[in-house]
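Spelled out, the chains give:
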Amino acid sequence: MACIYAPPRVEHATTTSSPRWPPIVAVALGGAVGTSVRYAAATAAPVAIGRFPWTTLALNVVGALLAGVAVGRVGRWAPLVVTGFLGGLTTMSALAVEADVLFRDGHHGLALAYVAASTAGGVAAALLGLRAGR
Amino acid sequence: MTRLALVALAGGLGSVLRWALAERLRHGLLVANLVGSLVLGVVVGSVDPGTARTVLAVGLCGGFTTFSGVALDRRRLVVNVAVSLAAAALGLALAR
């Protein structure tokens, strides 16, 4: 249970302070790192054609959870952490193509389950993260 | 190692493009997810497995599109997933 007498947060006061680097550099750096982690995960846990895409699902759900935790907390680090790293760690294009290919190849149930798990899991994870980050 | 560096570079570039769209357009992330899914559909349907495909698919399209950026709002996530599924299907169809 969260302490209801927590001291007021000060992020709002620091949000407007100028970042040390331009946002474009932070986004590029965070995106490169997030994408590298996703690539490493896809290499370490490859999913065969016709199988449930667990790797992308896990990355997207974890990314949604961390986005919930991070939003409103990271202040001026948002371009690096939220837009860059988490944006690069998660992917919508892979989700869409994996689901479409599963469906096209006749794995209708797997495709539907994948889309449902991604959507419901993403929403639940983001809510959990928001609650944990409060 | 070279492949990882190229994927990272493409991911950084894709992320910057996504950020630029989001800064300029009200529905910038939706546009990024739509375009990225369409392009990935074309890439998966037309480029043979190898470094070029990995860099384009995992790096550029993966970095350009986002799930975490739209997951905090349930309705927004559902709209983004639906639009991306349709765009990817179109891309796969175009690649044939």
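Values in this document were obtained by computation on a predicted structure and should not be read as measured data. (Residues numbered from 1 in each chain as written. Chains lettered and ligands numbered in written order. Predicted model: local features only at pLDDT ≥ 70, side-chain atom pairs only at ≥ 80, totals over all residues. Heavy atoms only, no water.)

Colleague: Before we move on, could you go through the overall build of chain A and cite the residues and values that matter?
Modeller: Each helix and strand counted, chain A has six helices and zero strands in total. Ordered by position from N to C terminus, the α and β elements of chain A give α-α-α-α-α-α. For chain A, the share of sequence-separated contacts (at least 6 apart) that also reach a separation of at least 24 residues comes to 77%. Working note: accessible area of chain A is about 7,200 Å², and carbon and sulfur atoms make up 71% of it. (Helix = DSSP H or I, 4+ residues; strand = E, 2+ residues; numbered from the N terminus. Contact = heavy atoms within 4.5 Å. Areas by Shrake-Rupley, 256 points an atom, 1.4 Å probe, with all protein chains shown as cover.)

Colleague: Can you break down the environment of Leu9 of chain B residue by residue, with the values?
Modeller: Residues and elements named next belong to chain B. Along the chain, Leu9 turns up in helix 1 (residues 2–24). The exposure class assigned to Leu9 is exposed, which follows from its relative accessible area of 62%. Taking the C-alpha atoms as reference points, Leu9 and Leu40, 31 residues apart in sequence, are found 17 Å from one another. (Buried < 20%, exposed > 50% of the residue type's maximum accessible area, 1.4 Å probe, protein only.)

Colleague: An account of the side chain of Ser84 of chain B is requested, with residue identities and associated values reported.
Modeller: Inspection of the secondary structure assignment puts Ser84 of chain B in helix 4 (residues 74–95). Taking relative accessible area as the criterion, Ser84 of chain B reaches 0% and is therefore assigned buried.

Colleague: I'd like to hear about the environment of Leu30 of chain B, residue by residue, with values.
Modeller: All names here are of chain B. Mapping Leu30 onto the fold places it in helix 2 (residues 28–46). Leu30 sits in the partly exposed class, given a relative accessible area of 22%. Here the alpha-carbon distance between Leu30 and Val43, two residues 13 residues apart in the chain, equals 20 Å. For Leu30, the residues in contact, after removing those within four places along its chain, are Val79, Asn80 and Val83.

Colleague: Can you explain helix 2 (residues 23–44) of chain A? Please cite residues and give values.
Modeller: For helix 2 of chain A, with 22 residues, the first-to-last C-alpha span of 31 Å sits near the 32 Å given by 1.5 Å per residue. Regarding helix 2 of chain A, the residues found buried are Ala26, Val27, Gly30, Gly31, Ala32, Gly34, Thr35, Ser36, Arg38 and Tyr39 of chain A. The secondary structure elements touched by the buried residues of helix 2 of chain A are helix 3 (54–70) and helix 4 (78–89) of chain A together with helix 1 and helix 3 (51–64) of chain B. (Expected span 1.5 Å × (residues − 1).)

Colleague: Tell me about the pattern of salt bridges, residues and numbers included.
Modeller: Residues and elements named next belong to chain A. One pass over the structure, following the stated rule, counts one salt bridge over all chains. The partner of Asp105 in a salt bridge is Arg104, and the shortest N-O contact between them spans 3.5 Å. Relative accessible area serves as the criterion here: at 42%, Arg104 is assigned to the partly exposed category. (Salt bridge = Lys/Arg side-chain N within 4 Å of Asp/Glu carboxyl O.)

Colleague: I'd like a description of the packing of helix 1 of chain B against helix 2 of chain B, backed by residues and values.
Modeller: Residue and element names in this part refer to chain B. Relative to each other, helix 1 and helix 2 sit at 140 degrees, their axes nearing to 7 Å. Classified by the angle their axes make, helix 1 and helix 2 are oblique. Of the residues in helix 2, those touching helix 1 at Arg18, Leu21 and Ala22 are Gly28, Leu29, Val31 and Ala32. Here the residues of the contact of helix 1 with helix 2 are counted per class, giving five nonpolar, one polar and one charged. (Axes fitted to C-alpha atoms, helices over the stretch in contact; angles between N-to-C directions. Parallel < 35°, antiparallel > 145°, perpendicular 65-115°, else oblique. Nonpolar A, V, L, I, M, F, W, Y, C, P; charged D, E, K, R; others polar.)

Colleague: Describe the interface of chain A and chain B, and please don't skip the residues or the numbers.
Modeller: With 40 residues of chain A in contact, the opposing surface of chain B contributes 40 residues. In this assembly, chain A packs against chain B so that about 3,000 Å² is buried in total across both faces, 75% of it on carbon and sulfur atoms. Along the contact surface separating chain A from chain B lie zero salt bridges. For the pair chain A and chain B, the interface holds eleven residue pairs in polar contact (both at pLDDT 80 or more). Every element with two or more residues in the side of chain A that touches chain B is listed here: helix 2, helix 3, helix 4, helix 5 (93–104) and helix 6 (108–133) of chain A. Its residues placed into classes, the side of chain A that touches chain B shows 21 nonpolar, 16 polar and three charged. (Buried area = accessible area lost by both parts, 1.4 Å probe. Polar contact = N/O pair within 3.5 Å; in protein donor to acceptor, adjacent residues only side chain to side chain.)

Colleague: Break down the packing of aromatic side chains for me, citing the residues and quoting the values.
Modeller: Residue and element names in this part refer to chain A. One pass over the structure, following the stated rule, counts three aromatic pairs over all chains. On the basis of an interplanar angle of 90 degrees and a centroid distance of 6.2 Å, the ring pair of Trp21 and Trp77 is categorised as edge-to-face. Of the two residues, Trp21 sits in the loop between helix 1 (11–14) and helix 2 while Trp77 sits in the loop between helix 3 and helix 4, which places them 56 residues apart along the sequence. Centroid distance Phe52 to Trp54: 4.5 Å. Interplanar angle 50 degrees. Geometry classified as tilted. With a relative accessible area of 14%, Phe52 lands in the buried category. (Phe/Tyr/Trp six-rings, centres within 6.5 Å; stacked < 30°, edge-to-face > 60°.)

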